[in-house]
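Examination of the molecular architecture
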Amino acid sequence: MTKEVNGGCKCGLVRYKGARLDAPMFRCHCRDCQQLTGTGHSEMVPLELSTFVISEDVRTYQMTGGSGRPTYSGFCPVCGAQMTRRSDRMSDRIYVHASSLDEPRLYVPEKSIYGHEAQPWDVASVIEET
Ligand SMILES: [Zn+2]
Ligand SMILES: [Zn+2]
């Protein structure tokens, strides 16, 4: 994937850009991701938080993450599309949802996290550790 990425929401109100962090892209099967995305898992791309810029229109939903620390979900107040996830535990990075990228084909999932929380109808998407 290219170093610089751009993306945004479905309706076009919220746009973002940032640089890829040198860390794996991953699939998350946790219950938060299930409830927030309305699907079995999320597809996450880590970016460098220091390079990340997003339209001020974005809204943020705060919750308690699996680590027990605050976690934030960024979404569009008009179309509801989710774009970002960030945790106080990992202060150098912000994750963007692969499908919010302008070029989502560039995403390649490298691993799964919270695979044990995958729903029975979604276990086939869990990437087993090799
Ligand atoms: Zn929108
Ligand atoms: Zn998750």
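Our structure's up above, just so we're on the same page.
An account of the accompanying structure is given in this report. (Residues numbered from 1 in each chain as written. Chains lettered and ligands numbered in written order. Predicted model: local features only at pLDDT ≥ 70, side-chain atom pairs only at ≥ 80, totals over all residues. Heavy atoms only, no water.)

Side note on the sheet that holds strand β4 (residues 42-48)
Going by this rule: For two strands to be treated as a pair, DSSP must find at least two bridges joining them. Each helix is a run of DSSP H or I of at least 4 residues and each strand a run of E of at least 2, with the numbering of both proceeding from the N terminus. All axes are obtained by fitting lines to C-alpha atoms, using only the stretch in contact for helices, and the reported angles, taken between N-to-C directions, cover 0 to 180 degrees.
Strand order in this open sheet of seven strands is β6-β7-β8-β9-β4-β3-β10, and the pairing throughout is mixed. Strands at the two margins of the open sheet, each flanked by one partner only, are β6 (59-64) and β10 (111-113). Direction aside, neighbouring strands of the sheet carry axes that sit 30° apart on average. Note: strand β8 (residues 82-87) against strand β9 (residues 93-97), two bridges, orientation antiparallel. Within β9, the position partnered with threonine 84 by the bridge is valine 96.

Thoughts on the coordination of the zinc ion (ligand 1)
The line we're drawing: Counted as coordinating are nitrogen, oxygen and sulfur atoms within 2.8 Å of the metal, or 3.2 Å for Na, K and Ca, while water is not included, which may make sites look incomplete. Metal sites are grouped by the angles between bound donors: all angles between 85 and 135 degrees with four donors is tetrahedral, opposite donors over 155 degrees apart with the others between 65 and 115 is square planar for four donors and octahedral for six, and any other pattern is irregular. Accessible area is worked out with a 1.4 Å probe on protein chains only. A residue is then buried under 20% of its type maximum, exposed over 50%, and partly exposed in between.
At 2.3 to 2.4 Å from the zinc ion (ligand 1) lie its protein donor atoms, namely Cys9 (SG), Cys11 (SG), Cys76 (SG) and Cys79 (SG). Here the zinc ion (ligand 1) is ringed by four donor atoms whose angles at the metal span 106 to 117°, and the overall shape comes out tetrahedral. Here the donor residues for the zinc ion (ligand 1) map to a single chain with the spacing C-x1-C-x64-C-x2-C. Residue classification places cysteine 9 among the buried residues on the basis of a relative accessible area of 12%. Cysteine 11 gets classed as partly exposed once you look at its relative accessible area, which sits at 42%.

Here we look at the sheet that holds strand β2 (residues 15-19)
Ordered by their spatial adjacency, three strands build an open sheet running β1-β2-β5, and the pairing between neighbours is antiparallel. Each of the sheet's edge strands pairs with one partner strand only, and the pair in question is β1 (4-8) and β5 (53-54). Sheet topology places β1 next to β2; five bridges connect them, and they run antiparallel. If you follow glutamate 4 over to β2, its bridge partner there is alanine 19.

Some details on the coordination of the zinc ion (ligand 2)
Summarising the metal site, the zinc ion (ligand 2) is bound by the protein donors Cys28 (SG), Cys30 (SG) and Cys33 (SG), whose distances to it range over 2.1 to 2.3 Å. Motif for the zinc ion (ligand 2), donor spacing along one chain: C-x1-C-x2-C. Assigned by exposure class, cysteine 30 and cysteine 33 land together as buried.

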